[in-house]
Amino acid sequence: MPLLTPQIFVLTPLVFVAITATQSYEDVLRNDFSLIPARHFLGNLSEVWTRTDLPRQTLNSIVVGLITAAGRVALAVTMSFAVVVFTGRGMGVVYALVVASIMLPLRFLWDILLPLSKGPLTALGTYMFISAWFHHMWPLVAASSPARTVAVVDLARCRRTARASPISPCR
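So, a few notes on the structure that sits alongside this text. Predicted, not measured: the structure shown is a model, and the values here were computed from it.

### Focus on the overall build of the protein
Across its full length, the protein holds 9 helices and 0 strands. When the helices and strands of the protein are placed in sequence order, the string is α-α-α-α-α-α-α-α-α. For the protein, buried positions account for 22% of its 171 residues. Of all intrachain contacts in the protein linking residues separated by at least 6 positions in sequence, the fraction that spans at least 24 positions is 53%.

Laid out in structure tokens, this is it:
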């Protein structure tokens, strides 16, 4: 039972998104939401797929999220190792040295600490990926062309244009 609560917490928004994807555009604009799925899912999916560059932007989002999450987890592992092993005065210097040089007793790290930390590191990696996915400001600034934008940026743009016009091409 205790594991069911987090699953409900995570799955409820996904179910809401899935049901909303089955509603017609007009129903969504009128805030006429129903918990009963409608029959517009394939049409809505086709519309989004043809009017936006969502497939490429989704791939861009996944790549950016994975690279960011991997970097953050690697940094978190080295910093957590430093926190556990090194204590006392001068911790700031020790942290700087660990981050700068990554000179760790690797056998201890790989053979003992990482196997014991699989669960927390998996949770951290998942959190970091989701965080990188939704923080779209950096991809918005760094994207050198519209083909390199991530999905969240384009979906936000589509949302803004949909409010301005009932027929939103999003391109």
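### Some points on the nonpolar core
One finds Val-73, Val-77, Phe-81, Leu-109, Leu-113 and Leu-114 forming the largest nonpolar core, which totals 6 residues. Counting only elements with at least two residues in this core, the list comes to α4 (54-85) and α6 (106-116).

### Things to note about a nonpolar patch on the surface
Residues Phe-9, Val-10, Leu-11, Leu-14 and Val-15 make up a contiguous nonpolar surface patch of about 530 Å² in total accessible area. For Val-10, the position within the fold is in helix α1 (residues 4-21).

### Looking at helix α7 (residues 118-134)
Taking 1.5 Å of rise per residue, 17 residues should cover 24 Å, and α7 covers 24 Å from first to last C-alpha, within 8% of that figure. Of all the residues in α7, the buried ones are Gly-125, Met-128, Ser-131 and Ala-132. Within α7, the buried residues cover an arc of 130° as seen down the axis, which keeps them to one side. Set apart from the buried face of α7 by more than 90 degrees, the exposed residues are Thr-122, Tyr-127 and Phe-134.

### Re the side chain of Thr-52
Within the secondary structure, Thr-52 sits in the loop between α3 (41-51) and α4. Separated by 2.5 Å, the side chain of Thr-52 and the backbone oxygen of Val-48 make a polar contact.

### Re the pattern of salt bridges
For the structure shown, the criterion picks out 2 salt bridges. In this structure, Asp-53 engages Arg-56 in a salt bridge whose closest nitrogen and oxygen atoms are separated by 2.2 Å.

### Side note on the environment of Tyr-127
Counting through the fold element by element, Tyr-127 comes out in helix α7. For the pair formed by Tyr-127 and Ala-69, sequence separation is 58 residues and the distance between their alpha carbons is 8.2 Å.

Rules used in this analysis
Residues numbered from 1 in each chain as written. Predicted model: local features only at pLDDT ≥ 70, side-chain atom pairs only at ≥ 80, totals over all residues. Heavy atoms only, no water. Helix = DSSP H or I, 4+ residues; strand = E, 2+ residues; numbered from the N terminus. Buried < 20%, exposed > 50% of the residue type's maximum accessible area, 1.4 Å probe, protein only. Contact = heavy atoms within 4.5 Å. Core = buried A, V, L, I, M, F, W, Y, C linked by side-chain atoms within 4.5 Å. Patch = residues over 30% accessible without salt bridge, like charges linked within 9 Å, V, L, I, M, F, W, Y side chains within 5 Å. Areas by Shrake-Rupley, 256 points an atom, 1.4 Å probe, with all protein chains shown as cover. Salt bridge = Lys/Arg side-chain N within 4 Å of Asp/Glu carboxyl O. Expected span 1.5 Å × (residues − 1). Arc of directions from axis to C-beta. Polar contact = N/O pair within 3.5 Å; in protein donor to acceptor, adjacent residues only side chain to side chain.

No statement about biological role is implied by the geometric values presented.
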